[in-house]
2 protein chains.
Amino acid sequence: MAEAKDRVLITGATGYLGRRLVKASLALGHPTFLLFRPDTASDLARCQMLMELKMEGAQLLQGSLDDRDSLISALKQVDVVVSTIAGDQILQQLKLVEAIKEAGTIKRYLPSEFGMDVDRMHHAMPPGDKVFSEKRIVRRAIEEASIPHTYISANCFAGIFLAGLAQLAIFMPPRDHVNVYGGGDKRCIWVAEEDVAMYAMLSVDDPRTLNKVVYLRPPDNILSQMEVIEIWERVIGRKLSKTFISEDEWLSQMDKMPPFEQSAMAHFCHIFYRGELDFEVEGPHGVDGSELYPHYKYVTAQEYLKRFV
Amino acid sequence: MAEAKDRVLITGATGYLGRRLVKASLALGHPTFLLFRPDTASDLARCQMLMELKMEGAQLLQGSLDDRDSLISALKQVDVVVSTIAGDQILQQLKLVEAIKEAGTIKRYLPSEFGMDVDRMHHAMPPGDKVFSEKRIVRRAIEEASIPHTYISANCFAGIFLAGLAQLAIFMPPRDHVNVYGGGDKRCIWVAEEDVAMYAMLSVDDPRTLNKVVYLRPPDNILSQMEVIEIWERVIGRKLSKTFISEDEWLSQMDKMPPFEQSAMAHFCHIFYRGELDFEVEGPHGVDGSELYPHYKYVTAQEYLKRFV
C-alpha cells in the first residue's frame, strides 16, 4: 500500500504564491487544507479563488491567526504547514509559530520566505531591509521552538522580474527600449512562480531538506540581465535600445519613490548592481533545489519569454 | 469541410465576466482575440491573467478604446465583438460603436449588458438607474448605426447573489442567520457566471439571436430567495434564523451607504421586493436562452450551493 501523503495546510492560499502552492500540493497528491477567515465572505475575489481551489480538491478550514483555538484545531488536522503571508505582515507568523509549538504535532513548517536568503542579507540597505529582518525574527523563533522547518530561497520570481526584463513595475517584456542596471552583467536566478511552488512542495516531506535552506537555482536560468535581454531579442527578432543606468543614478532616484517602490529598488540594487544572488551554495545548512529534484522539468527563461510572443 | 468559426474580439477580457467569456469562446472553438492597452504592462494581476488566457489559446491585440487606429485595426481581424466594460465606464463603448460602424465588417456586437433588461427599467430608482440609462444610450447608438447586435440579460450572477443567499456584499452562504427581503417570495433567476458566458458565446453566431434580447432563464434556477435558502438548509442539514426586512426598512438604510452600495440596494429592491425579474419573455425582440440551447447543461442553484459544503 502506498504511504499516505502528508496533509498540508496552506495559509495565505488566495495570494500570489499561495494559490500556486495549493495547485502544486494537490498535483503531488497531498490532502490540502486552506485556512480562511470568516471575514473573507465579504471579499468577492477571495471567495471565488477559495471556491476555485476547493473545486480543484482543496479543503477549507475556517480559522485565523488571531483565533488561537481555531488555529490549533486546524493544525491538529495536518502534518505540514506552509505560510505565504504577505511581506508587510511577516511578524503575524509569530502567532502561528506559537500555535505550532503548542500543537506539537507538525512535522514541517515552511514560513513565508520565497525570496533572498535573509541570513545572507544582514547588511541590506533600508528600507528593503525591513522584510529581511522580520523574516529573520521568524526564523529564530522557529529554531528556538525546535520546529522542524525548511526555508525556501527563490530568486527572482519570473512574473515580477523576468516578464518585464527586470524593469521596475513592468510585467510584460518591452519591445523597443530597456533600462539596464550597470553593465547588466551580474548573474541572478529567474524562477517561474509555478516552479517555486512545485519545488517548495517537493521539499515538504523530504528528509534532505529538514532544517535547511533550499536555494532554487534552475541551471538554465542563472543568467545576467543582459543575457535575458538577448534571449528576448532573439525571440522577437529585433534589438532593443538600451539605457545603461549606474548604481549612483539608480540610488539617487529612490528618495522620490513611494515606500513600496523604495524597498523594491533597494532589492534591485543588491541583485542587479551588487550581484548578491551569485554565490555558491554551501553546506551544512544550504541545499540546491535543482540538484535535489533534477528530474523536475522547470520552465526555462527562454520558454517563459516565448509565452509573450 | 467544417465551416470556420467566427473570430471573436473580447474587450475587458481580464475582468470578472470577461475572463469567463474568453474561456467559453475558446471552448466553443472560436479564434479568440483580447484587446489590451499598453499601460496594462504595469498591472501585475492583469498581465498574469492575460498570459493565462493567452496560454489557453487566446491571441492578444494591443489597442485601446482611446486609440481609434488600433481599434479599427483590431476590428478588421474579427467577426464578432463582445464588450464587458465595467459598469462605471459603460459610455466608453460609444467609441467602440463608432469604430464598429467605421470598420463596417462586424457581424455581431454584444455590448456590456449581462444584467437586467434595461429597456424594461425606465422607472428604475436612483442611483441604480444610472447604469441602466447609460446602457440604453449604448443600445440606441448601436441601433442607429444599424450594427447587428445581441443584448444578453442575465440575472442574477450566482457568485454575487446566490453564493451569499442574496445578502448584500456577502459571497459565501451564511450558516446561522440570513436576512430575508419582504416575504422572500419574489421569483428571480440565478445563473452561474460560467453559464452566462457560455450562453452569451452560444448566441454570437446564432441567427435566432440577431438583434434580440436573450434572457437567460435556466428553468431550475427560477426561484425565490426563500426557495434558495431552503435549498441551502437542506444541503447543510440545519435551519437558519431569519430576519424579515420590509421594503421601507431596506430603503431607509440606503442613505447611510456609500454610492456603490446604494446602487446595489436599489437593484435589490427591484429584484427582491418588487419581483421585476418575474415576467414572461415576449417576442418579437425577446428570446429565452434556455429554450434556444436546451441541451446545454447549466449549473443548478442546488449544485452551485453544494460547492460550499
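If you're wondering where the values come from, they're calculated on a predicted model, not measured in any experiment.

### Description of the domain arrangement of chain A
All names here are of chain A.
Then comes step 1: According to the domain assignment, chain A contains domain 1 (8-154 + 191-217 + 280-293) and domain 2 (159-186 + 222-273).
Then comes step 2: Relative to domain 2, the C-alpha centre of domain 1 lies at a distance of 29 Å.
Then comes step 3: Where domain 1 abuts domain 2, roughly 900 Å² becomes buried across the two surfaces, and 72% of that area is made up of carbon and sulfur atoms.
Then comes step 4: The largest contributions to the domain 1 side of the interface with domain 2 come from Met116, Met125 and Pro127, which together make up 50% of the buried area.
Then comes step 5: Our count for the contact surface shared by domain 1 and domain 2 stands at 0 salt bridges.

### Regarding a nonpolar patch on the surface
Then comes step 1: Together, Leu91, Leu94 and Ile137 of chain B line one region of the surface with nonpolar side chains, adding up to about 210 Å² of accessible area.
Then comes step 2: With respect to the helices, strands and loops of the structure, Ile137 of chain B is situated in helix H5 (residues 129-144).

### A look at the packing of helix H1 (residues 18-27) of chain B against helix H2 (residues 44-55) of chain B
Residue and element names in this part refer to chain B.
Then comes step 1: At their nearest, the axes of H1 and H2 sit 10 Å apart, and the two run at 10 degrees to each other. In this view, H1 runs roughly parallel relative to H2, as classed from their interaxial angle. Along the contact surface, H1 presents Arg19, Val22, Lys23 and Leu26, while H2 presents Met49, Glu52 and Leu53.
Then comes step 2: When its residues are assigned to classes, the contact of H1 with H2 shows 4 nonpolar, no polar and 3 charged.

### Describing the relation of the copies chain A and chain B
Then comes step 1: With an RMSD of 0.0 Å, chain A superimposes on chain B once it is rotated by 180 degrees and translated 0.0 Å along the axis. In the structure described here, the two chain copies are related by an operation that fits a two-fold rotation axis. No C-alpha of chain A lies nearer the rotation axis than that of Ala45 of chain A, which sits 6.1 Å from it.
Then comes step 2: A share of 92% of interface residues in chain A that are also interface residues in chain B marks the association as one of identical surfaces.

### Observations regarding the sheet that holds strand E2 (residues 32-36) of chain A
Residue and element names in this part refer to chain A.
Then comes step 1: The parallel open sheet is built from 5 strands, whose spatial order is E3-E2-E1-E4-E5. Single-partner strands in this sheet number two, and they are strand E3 (59-62) and strand E5 (108-110). Geometrically, the sheet is characterised by an average inter-axis angle of 25 degrees between neighbouring strands, direction not taken into account.
Then comes step 2: In this structure, E2 lies alongside E3, joined through 4 bridges in parallel fashion. If you follow Leu35 over to E3, its bridge partner there is Leu61.

### Re the pattern of salt bridges
Then comes step 1: Under the counting rule described, the total for this entry stands at 48 salt bridges over all chains.
Then comes step 2: A salt bridge links Glu247 of chain A to Arg274 of chain A, with the shortest nitrogen-to-oxygen separation between them at 2.5 Å. Residue Glu247 of chain A is found in helix H9 (residues 247-252), and its partner Arg274 of chain A is found in the loop between helix H10 (259-273) and strand E12 (286-288); the two are separated by 27 residues along the sequence.
Then comes step 3: Judged by its relative accessible area of 37%, Arg274 of chain A falls in the partly exposed class.
Then comes step 4: The salt bridge involving Lys107 of chain B is made with Asp6 of chain B; its shortest N-O contact spans 2.7 Å. Here the residue Lys107 of chain B occupies a position in the loop between helix H4 (93-103) and strand E5 (108-110), and Asp6 of chain B occupies one in the segment before strand E1 (8-11), the gap between them amounting to 101 residues.

### Quick word on the sheet that holds strand E9 (residues 212-216) of chain B
Two strands in a sheet stick together by hydrogen bonds in their backbones, pointing the same way (parallel) or opposite ways (antiparallel).
Residues and elements named next belong to chain B.
Then comes step 1: What the 3 strands build is an open sheet, ordered E6-E9-E12; its pairing is parallel. The strands lining the two open edges of the sheet, one partner per strand, are strand E6 (150-154) and strand E12 (286-288). Between one strand axis and the next, the sheet turns by 25 degrees as a mean value, whatever way the strands run.
Then comes step 2: The sheet contact formed by E9 and E12 spans 3 bridges and is parallel. If you follow Val214 over to E12, its bridge partner there is Val287.
Then comes step 3: Here helix H7 (residues 193-203) sits on the sheet and contacts E6 and E9; the angle it forms with E6, its principal contact strand, is near 160 degrees.

What counts, and where the lines are drawn
Residues numbered from 1 in each chain as written. Chains lettered and ligands numbered in written order. Predicted model: local features only at pLDDT ≥ 70, side-chain atom pairs only at ≥ 80, totals over all residues. Heavy atoms only, no water. Domains from an automatic or database assignment. Buried area = accessible area lost by both parts, 1.4 Å probe. Salt bridge = Lys/Arg side-chain N within 4 Å of Asp/Glu carboxyl O. Patch = residues over 30% accessible without salt bridge, like charges linked within 9 Å, V, L, I, M, F, W, Y side chains within 5 Å. Areas by Shrake-Rupley, 256 points an atom, 1.4 Å probe, with all protein chains shown as cover. Helix = DSSP H or I, 4+ residues; strand = E, 2+ residues; numbered from the N terminus. Axes fitted to C-alpha atoms, helices over the stretch in contact; angles between N-to-C directions. Parallel < 35°, antiparallel > 145°, perpendicular 65-115°, else oblique. Contact = heavy atoms within 4.5 Å. Nonpolar A, V, L, I, M, F, W, Y, C, P; charged D, E, K, R; others polar. Least-squares fit on C-alpha atoms with pLDDT ≥ 70 in both. Pairing = 2+ DSSP bridges. Buried < 20%, exposed > 50% of the residue type's maximum accessible area, 1.4 Å probe, protein only.

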